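Listed below, chain by chain, are the residues.
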Amino acid sequence: MEKARKKTREKQIIDILAQLYPNPRSALNFRTPYELLVATILSAQCTDKRVNEITAKLFPRANTPEQMIELGIEGIEEYIRGLGLFRNKSKNIYRTSQILLEKFNGEVPRTREELMQLPGVGRKTANVVLANAFQIPALAVDTHVHRVSNRLGLVAAKKVEETEAQLMDLIPKAEWIDVHHQLIYHGRNLCTARRPRCDECPLLPYCPTGAVLQ
């Protein structure tokens, strides 16, 4: 009986998220898989809004591996200097571009294993690219997804890898991409890290953390 109630509550949460954030998409601006790969590398420890401001200037100059290599590490640095860790990110983007040409015929690979061979690409970045560039079911867990899914009691996890695994077990595979974005939107809009706006949240009746905070 308890297990059935938990399943019902989880489904209600997911249904409400779908109603709150219909047709969700990545907040990063991109037109090609390569642009998304670069933007996602840049987004580490940085807001999507700031990345979009940077790529709006970078991509008209270099939005292919060949053009990025032509720009060079120092040239990339000049465009992304306003971002944190810009020197490391410049090196990673340059080397990634070289590897794409050397090993993948200039194309962004479509498997997590191959993506994670690229400098600056961890599991989360690989999942973002798979889901948003290729519509391959993947569930990228960032700080918002980790925080919100734990607060809502969808998962009970200390590490992002555990959160990803538990969400994948809970959510139908066909919904992974949308739910990932919906959890991010909710974390930005209402379930913020500090001072979550529980009194405005439609999920409050289903949220064990919100019940405590009220």
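The paragraphs below set out a description of the structure included in this document. (Residues numbered from 1 in each chain as written. Predicted model: local features only at pLDDT ≥ 70, side-chain atom pairs only at ≥ 80, totals over all residues. Heavy atoms only, no water.)

**Things to note about the overall build of the protein**
Point 1. Assigned secondary structure in the protein consists of 11 helices and 0 strands.
Point 2. Walking the protein from its N terminus toward its C terminus, one meets helices and strands in the order α-α-α-α-α-α-α-α-α-α-α.
Point 3. Its C-alpha radius of gyration of 19 Å places the protein within 12% of the 17 Å reference for a compact globule of 214 residues.
Point 4. In terms of overall dimensions, the protein has a C-alpha envelope of 60 × 30 × 30 Å along the principal axes.
Point 5. Taken over 214 residues, the protein has a buried fraction of 47%.
Point 6. Long-range pairs, those at least 24 residues apart, make up 55% of the contacts in the protein between residues at least 6 apart in sequence.
Point 7. Summing over all exposed atoms, the protein offers an accessible surface of approximately 11300 Å²; the carbon and sulfur share of this is 51%. (Helix = DSSP H or I, 4+ residues; strand = E, 2+ residues; numbered from the N terminus. Rg over C-alpha atoms; globule rule 2.2 N^0.38 Å. Buried < 20%, exposed > 50% of the residue type's maximum accessible area, 1.4 Å probe, protein only. Contact = heavy atoms within 4.5 Å. Areas by Shrake-Rupley, 256 points an atom, 1.4 Å probe, with all protein chains shown as cover.)

**What to know about the packing of helix H2 (residues 33–42) against helix H3 (residues 48–58)**
Point 1. Close contact between H2 and H3 brings their axes to 10 Å; oriented N to C, the two are set at 135°. In terms of their interaxial angle, H2 and H3 are classed as oblique. For the crossing formed where H2 meets H3, the hand is right-handed. Listed contacts from H3 to Val38, Ala39 and Leu42 of H2 are Val51, Thr55 and Leu58.
Point 2. Partitioning the contact of H2 with H3 into residue classes produces 5 nonpolar, 1 polar and no charged. (Axes fitted to C-alpha atoms, helices over the stretch in contact; angles between N-to-C directions. Parallel < 35°, antiparallel > 145°, perpendicular 65-115°, else oblique. Left-handed = near helix turned anticlockwise from the far one by under 90°. Nonpolar A, V, L, I, M, F, W, Y, C, P; charged D, E, K, R; others polar.)

**Quick look at unusual backbone geometry**
Point 1. A positive phi is found at asparagine 105, a non-glycine position, where the angle reads about 55°.
Point 2. Since its relative accessible area comes to 69%, asparagine 105 is described here as exposed.
Point 3. Even without a glycine there, the phi angle at arginine 195 is positive, about 55°.
Point 4. Tracing the backbone through its elements, the reader meets arginine 195 in the loop between helix H10 (176–189) and helix H11 (208–213).

**Quick notes on the pattern of salt bridges**
Point 1. Going through the model one piece at a time under the given rule, you end up with 9 salt bridges.
Point 2. Arginine 31 is the partner of glutamate 35 in a salt bridge, and the nearest nitrogen-oxygen pair spans 3.1 Å.
Point 3. Assessed through its relative accessible area of 1%, glutamate 35 is described here as buried.
Point 4. Note that arginine 81 and glutamate 78 form a salt bridge whose closest N and O atoms lie 2.7 Å from each other.
Point 5. For glutamate 78, a relative accessible area of 53% puts it in the exposed group. (Salt bridge = Lys/Arg side-chain N within 4 Å of Asp/Glu carboxyl O.)

**Description of the packing of aromatic side chains**
Point 1. Applying the stated rule across the entire model yields 1 aromatic pair.
Point 2. Both rings, one in tyrosine 21 and one in tyrosine 185, keep their centres 5.7 Å apart while their planes meet at 65°; by these two values the pair is edge-to-face. Here tyrosine 21, found in the loop between helix H1 (2–20) and H2, pairs with tyrosine 185, found in helix H10; they are 164 residues apart in sequence, far enough to count as distant.
Point 3. Classification of tyrosine 21 as buried rests on a relative accessible area of 10%. (Phe/Tyr/Trp six-rings, centres within 6.5 Å; stacked < 30°, edge-to-face > 60°.)

**Re the packing of helix H8 (residues 143–151) against H10**
Point 1. In contact at an axis separation of 8 Å, H8 and H10 are set at 85° when each is read in the N-to-C sense. With respect to each other, H8 and H10 are oriented roughly perpendicular. Listed contacts from H10 to His144, Val145, Arg147, Val148 and Ser149 of H8 are His180, Leu183, Ile184, His186, Gly187 and Arg188.
Point 2. By residue class, the composition of the contact of H8 with H10 is 4 nonpolar, 5 polar and 2 charged.

**Considering the side chain of histidine 186**
Point 1. Tracing the backbone shows histidine 186 in helix H10.
Point 2. A distance of 2.8 Å separates polar atoms of two side chains, one belonging to histidine 186 and the other to tyrosine 21.
Point 3. Setting aside chain neighbours within four positions, we find histidine 186 in contact with Leu17, Leu20, Tyr21, Val148, Cys191, Cys201 and Leu203. (Polar contact = N/O pair within 3.5 Å; in protein donor to acceptor, adjacent residues only side chain to side chain.)

**Let's talk about helix H7 (residues 123–134)**
Point 1. End to end, H7 covers 16 Å across 12 residues, agreeing with the expected 16 Å (1.5 Å per residue, within 8%).
Point 2. The element H7 is largely enclosed, with a buried count of 9 among its 12 residues.
Point 3. Of the positions making up H7, those classed as buried are Thr125, Ala126, Asn127, Val128, Val129, Leu130, Ala131, Asn132 and Phe134.
Point 4. Where H7 is buried, its residues contact H2, helix H6 (112–115), helix H9 (160–170) and H10. (Expected span 1.5 Å × (residues − 1).)

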